[in-house]
Amino acid sequence: MTPEELNDALVLAHQNADLNSDSLHPLVNLYHQAFTLNFPENPVAAYFYLTNAYVYALDSNHESTEQLESILRDAGRL
Amino acid sequence: MSDRTIQLKPVMNPVENARGLPNEHYTSDQVFDLEKRTVLFANWTGIGFGKDIPEPGDAKPVTFLGVPLLMVRDHDGNVNVFQNTCRHRGMILVDKPKNIKRIIRCPYHSWCYDLNGDLKTTPHVGGPGQNTHANICPEELGLFTIRSYLWHDVVFVNIDGTMQDFEISHQELMSRWKEFDQPHFHGGPESSFTLEVNTNWKLAVENYCESYHLPWVHPGLNSYSRLEDHYHIEQRDTYSGQGTLVYQQLTDTDNNVFADFEGLSARWDKGAEYIAVYPNVLLGVHRDHLFGIVLEPISKDKTREQIELYYAQKPDDDLQRRQHRTENAKLWKTVFEEDIFVVEGMQRGRYGEQFDGGRFSPAMDSPTHNFHHWVASQVTRGEP
């Protein structure tokens, strides 16, 4: 997925998010992809995206929550 | 003595020569606001029912007298109540009932709180991708917790936090109805209804407290439960109401009755009690069902009544039993609707400038006077 495609997918995923917290799962996956795309060349952007993935994972009780939390904590970001 | 204490002195007299609360307690925006703080925020006040948040993670926002509150069922089954306000920018956290699983996330900047109200994370608070800041201490920024207590599925809160514990405040009533401290199950959608009434909330309490009006306002009820079959219930500064000695169980088309609550003593075979738990919760107990009413004061002359019925057995899909519950709810709805013209009429009557609070029947109105006495004591608390 190119950065442009990822951006479009994120916009769409935000539009599709509703009161059902499972609808946040695509955001977790897409922000995690954005983290991977930017890490390690652009750590500011990378951890910005990872933070967003973590927040949506927390909100939706996503299975990756602990893993994302652990990465942020190890990086001194939490 | 303060002006208010002097004005309310006749209310504090014994019922034999007491007068009721002055008109302004029903018609004045200023007094409505005074009672909001001294009566409704300063005591254990009903704001809703646990049945509205049955599952872990269920959250329901409630705006009570302008205060945004959030009822949440945690993963241990307990009900917690928070101020529904983010500690960051004061944003409303949850604006519709929903299941929030494990986290309350503010929709503005995504500060996240767990179901105990603890601040879990503050994304980007230290700059993009940096989620901590030396000046932001999560331990100090949990949600404001509102003291709460669940009893007979009513969610009671003490908004200003000054009241003694619920179990101490209502020790006597909890003991009186201890036999009903057992599982009870909401009857389902047909056992739930709401009435909007053009009256001050106190008039709904006052009407509920007494049986004096039954012969004229509830002729159907009075045909088998006569005035002389009732007794007064009064506990100074806590509750008042009425009881009947001739409760008759509702039968269905095959003469079935609802299952009884377990282990009740013989006094409940034909006995039932209806008590106003001050300030705004009305409860009724019978051998085979309970009901709760939460009065939500909307304004000085508008009140919303939420009524919920509960049974000893979990409702199932059996059509006949469902119809039976529906009939019971209809019966109570009829009774409560019969009261509307009375409470609305008393509200309108209080715009008669010469009305002086009224005189109570010493024989019949003491539970109502008990409530007036309590309200007067609350609004003058701390005044000389």
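The structure we're discussing is the one just above.
Report on the accompanying structure.

Cut-offs and rules
- Along each chain, numbering runs from 1 in the same order as the chain's sequence is written.
- Starting at A for chains and at 1 for ligands, labels are handed out in the order in which the entities are written.
- With the structure being a predicted model, the display of local features is reserved for residues of pLDDT at least 70 and the display and counting of side-chain atom pairs for 80 or more, all residues being used for whole-chain, interface and lining totals.
- Hydrogens and water molecules were not included; the side-chain quantities draw on all heavy atoms of the structure.
- Geometry of aromatic contacts follows a simple scheme: Phe, Tyr and Trp rings, the Trp one being its six-membered ring, pair when their centres are within 6.5 Å, and the pair is stacked under 30 degrees between planes, edge-to-face over 60, tilted otherwise.
- In this text, helices come from DSSP runs of H or I with a minimum length of four residues, and strands from runs of E with a minimum of two, each type numbered from the N-terminal end.
- We call a residue buried when its accessible area falls under 20% of the maximum for its residue type, exposed when it is over 50%, and partly exposed in between, using a 1.4 Å probe and counting protein chains only.
- A 1.4 Å probe that fits into a set of points on a 1 Å grid over the protein atoms alone but cannot get out defines a cavity; an open set with protein on both sides within 12 Å along at least five of seven lines defines a pocket, and lining residues are those with an atom within 4 Å of a point.
- Grid points are joined across faces, edges and corners, and a volume is the space filled by probe spheres set on the points.
- Lys, Arg, Asp and Glu make up the charged group, whereas Ala, Val, Leu, Ile, Met, Phe, Trp, Tyr, Cys and Pro make up the nonpolar group; the residues left over, Gly among them, are polar.

### What about the packing of aromatic side chains?
All names here are of chain B.
Part 1: If you walk through the whole model with that rule in mind, you get 25 aromatic pairs over all chains.
Part 2: Between Phe193 and Phe336, the ring centres sit 6.4 Å apart and the planes meet at 35°, which makes this aromatic pair tilted. Here Phe336 lies in helix H9 (residues 319-338) and Phe193 lies in strand S12 (residues 192-197), a separation of 143 residues in the sequence.
Part 3: Overall, Phe193 belongs to the buried group, its relative accessible area being 9%.
Part 4: Residues Phe258 and Tyr311 carry aromatic rings whose centres are separated by 4.7 Å and whose planes lie at 50° to one another, so their mutual orientation is tilted. In this pair, Phe258 sits in the loop between strand S14 (239-244) and strand S15 (272-277) while Tyr311 sits in strand S18 (residues 302-311), placing the two residues 53 residues apart along the sequence.

### A word on empty space enclosed by the protein
Residue and element names in this part refer to chain B.
Part 1: Counted by the stated rule, this structure contains one cavity of 30 Å³ or more.
Part 2: Roughly 30 Å³ of internal volume is contained in the largest cavity.
Part 3: Every residue along the wall of the largest cavity is listed here: His152, Leu283, Gly284, Val285, Leu290, Phe291, Gly292 and Tyr310.
Part 4: Class assignment for the residues of the lining of the largest cavity results in five nonpolar, three polar and no charged.

### Points about the side chain of B:Thr121
Part 1: As for its position among the elements, B:Thr121 is in strand S8 (residues 119-121).
Part 2: Judged by its relative accessible area of 4%, B:Thr121 is buried.

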